[in-house]
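A look at the structure
Now for the letters of each chain:
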Amino acid sequence: MTSHKTLTDEDGYVPSARRLARERHRRARARRATAIAAVSTLVTAAVLVLTITNSPGWDRTKETFFSAHYARVALPQVLEGLWLNLRLLAVCGAAVLAFGLLLAVARTLRGPVFFPVRALATAYTDFFRGLPLIICLLMVVFGVPALRLQGVTTDPVLLGGGALVLTYSAYVAEVFRAGIESVHPSQLAAARSLGLTSGQALRFVVLPQAVRRVVPPLLNDLVSLQKDTGLVSIAGAVDAVYAAQIIASKDFNYTPYVVAGLVFVALTIPMTRLTDWVTARMDRRRAQGGIV
């Protein structure tokens, strides 16, 4: 009460009774909404748990998919294989961002002299966006070694990573291109009027604005890439998924797959929350006029 009195004395502002009542109503409504959401969540969870645990095949399903013994056996090997997934994410993610930006810039070049470059970049993005990732992996992983090219690697990890880069670069290129085209032409015209060349205007004026605008969708693509690194297991690379498959194939117990799935989920959730935070932050700055 003393602090409230001091604040009103210093500022000379006393909240009206209507405002105080409105704030009390807002707080009460927030508490009521939180309580309803909590009760609704608990009821839904209880119904799901009871439905699953009372199903006729629950005992067999629990033994096959949720065995504590097999989970303890699988976890160390799955985590060891996960190191490969994380390395693929880091290397392929950097390569995808660089190659995707190059493709986007190629597609936005103006002038008839650059038509072949634009056509090739467009054909690339159209082809690899339409080609399923699993087919691209199979073609690269098994097709490249079949060519028996001198000096070309047959390492399934490198070939699988290359297939991921080929596919995801097409998606990321379109994200970058959308960001570049969202920058108003007056920005480029102003840069040129200051004496910058087309390349300098693109590098110092257009691209910084474009990249800032597309950070949230880029993070979403990286989340998807993180999950899809598990597909390199089809080539025989021992990642988290293949490590789980090895253990599961011995005793036909599928708990290791559940463990591998939960490990990927545990990695994906922080990145998803980071994406949401970045998106909300940029929306607030844009609403306040902080982003050009």
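Conventions we followed
- Residues numbered from 1 in each chain as written.
- Predicted model: local features only at pLDDT ≥ 70, side-chain atom pairs only at ≥ 80, totals over all residues.
- Heavy atoms only, no water.
- 1 Å grid on protein atoms, 1.4 Å probe; cavity = no way out; pocket = protein on both sides within 12 Å on 5 of 7 lines; lining within 4 Å.
- Points joined across faces, edges and corners; volume = space filled by probe spheres on them.
- Helix = DSSP H or I, 4+ residues; strand = E, 2+ residues; numbered from the N terminus.
- Nonpolar A, V, L, I, M, F, W, Y, C, P; charged D, E, K, R; others polar.
- Buried < 20%, exposed > 50% of the residue type's maximum accessible area, 1.4 Å probe, protein only.
- Axes fitted to C-alpha atoms, helices over the stretch in contact; angles between N-to-C directions.
- Parallel < 35°, antiparallel > 145°, perpendicular 65-115°, else oblique.
- Left-handed = near helix turned anticlockwise from the far one by under 90°.
- Contact = heavy atoms within 4.5 Å.
- pLDDT = per-residue confidence, 0-100.
- Lys, Arg positive; Asp, Glu negative; His and termini not counted.
- Salt bridge = Lys/Arg side-chain N within 4 Å of Asp/Glu carboxyl O.
- Phe/Tyr/Trp six-rings, centres within 6.5 Å; stacked < 30°, edge-to-face > 60°.
- Core = buried A, V, L, I, M, F, W, Y, C linked by side-chain atoms within 4.5 Å.

A word on the layout of surface pockets
- Its volume calculated, the largest pocket comes out at about 440 Å³.
- Along its surface, the largest pocket is lined by 16 residues, and T108, R110, I180, L188 and L202 are the ones closest to its centre.
- Of all the elements in the fold, those that place two or more residues in the lining of the largest pocket are α7 (156-182), α8 (185-193) and α9 (198-213).
- Its residues placed into classes, the lining of the largest pocket shows eight nonpolar, five polar and three charged.

Comments concerning unusual backbone geometry
- Of note in the backbone geometry, R148 takes a positive phi value of approximately 55 degrees without being a glycine.
- Structurally, R148 is set in the loop between α6 (133-147) and α7.
- Residue R148 is classed as exposed on the basis of its relative accessible area, which comes to 77%.
- Despite not being glycine, F252 has its phi angle at roughly 55 degrees, a positive value.
- By the secondary structure assignment, F252 is in the loop between α11 (240-251) and α12 (255-287).

Here we look at the packing of α6 against α7
- Put simply, α6 and α7 touch, their axes get as near as 9 Å, and they point 140 degrees apart. Accordingly, the angle class assigned to the pair α6 and α7 is oblique. Two packed elements cross with a definite hand, and for α6 against α7 that hand is right-handed. Along the contact surface, α6 presents L133, C136, L137, V140, V141, V144 and P145, while α7 presents L159, G160, A163, L164, L166, T167 and Y168.
- By residue class, the composition of the contact of α6 with α7 is 12 nonpolar, two polar and no charged.

Describing the confidence of the model for the protein chain
- The predicted model of the protein chain averages 87 in pLDDT, with 95% of residues at 70 or higher.
- Taken element by element, the predicted model of the protein chain shows its lowest mean pLDDT in helix α1 (residues 2-11) (49) and its highest in helix α5 (residues 115-130) (94).
- In the model, residues 1-9 has pLDDT below 50 throughout and makes five contacts with residues more than four positions away in sequence or in other chains.

Here's the deal with the side chain of R118
- Turning to its location among the elements, R118 is positioned in helix α5.
- As a buried residue without a salt bridge, R118 has its nearest oppositely charged side chain in E181, at a separation of 9.5 Å.
- Leaving out residues up to four positions away in the same chain, R118 has contacts with A106, R107, L109, R110 and G111.

Remarks on the packing of aromatic side chains
- As enumerated under the stated definition, the model contains seven aromatic pairs in all.
- Measuring from ring centre to ring centre gives 5.0 Å for F127 and F128, while their planes differ by 90 degrees; the resulting arrangement is edge-to-face.
- Residue classification places F128 among the buried residues on the basis of a relative accessible area of 12%.
- Ring geometry for Y168 and Y171: centres 6.3 Å apart, planes at 55 degrees, overall tilted.

As for the side chain of Q226
- If you trace the backbone, Q226 turns up in helix α10 (residues 215-228).
- Discounting residues that sit within four places of it in the chain, Q226 has contacts with L89, F264, L267, T268 and M271.

A look at empty space enclosed by the protein
- This model, assessed by the stated rule, comprises one cavity of 30 Å³ or more.
- Estimates place the volume of the largest cavity at around 40 Å³.
- Secondary-structure elements contributing two or more residues to the lining of the largest cavity are α4 (68-108), α7 and α10.
- Top contributing element to the lining of the largest cavity by residue count: α10, with four residues.
- Classifying every residue of the lining of the largest cavity by side-chain character gives seven nonpolar, no polar and one charged.

Considering the environment of I135
- In this fold, I135 is placed in helix α6.
- Expressed as a C-alpha distance, the spacing of I135 and P256, which sit 121 residues apart in the sequence, is 26 Å.

Quick look at the nonpolar core
- Grouped together as the largest cluster of nonpolar side chains are 43 residues, with contacts concentrated most on I180 and L225.
- Elements represented by at least two residues in this core include exactly α4, α5, α6, α7, α9, α10 and α12.
- Looking at this core element by element, the count peaks at 11 residues for α7.

A look at the packing of α5 against α7
- In the contact formed by α5 and α7, the axes pass within 8 Å of each other and the chain directions differ by 115 degrees. α7 is crossed by α5, and the crossing has left-handed handedness. Where α5 abuts α7, its residues Y124, T125, F128 and R129 lie against V165, L166, T167, S169, A170, Y171, A173 and E174.
- Of the residues assigned to the contact of α5 with α7, the class counts are seven nonpolar, three polar and two charged.

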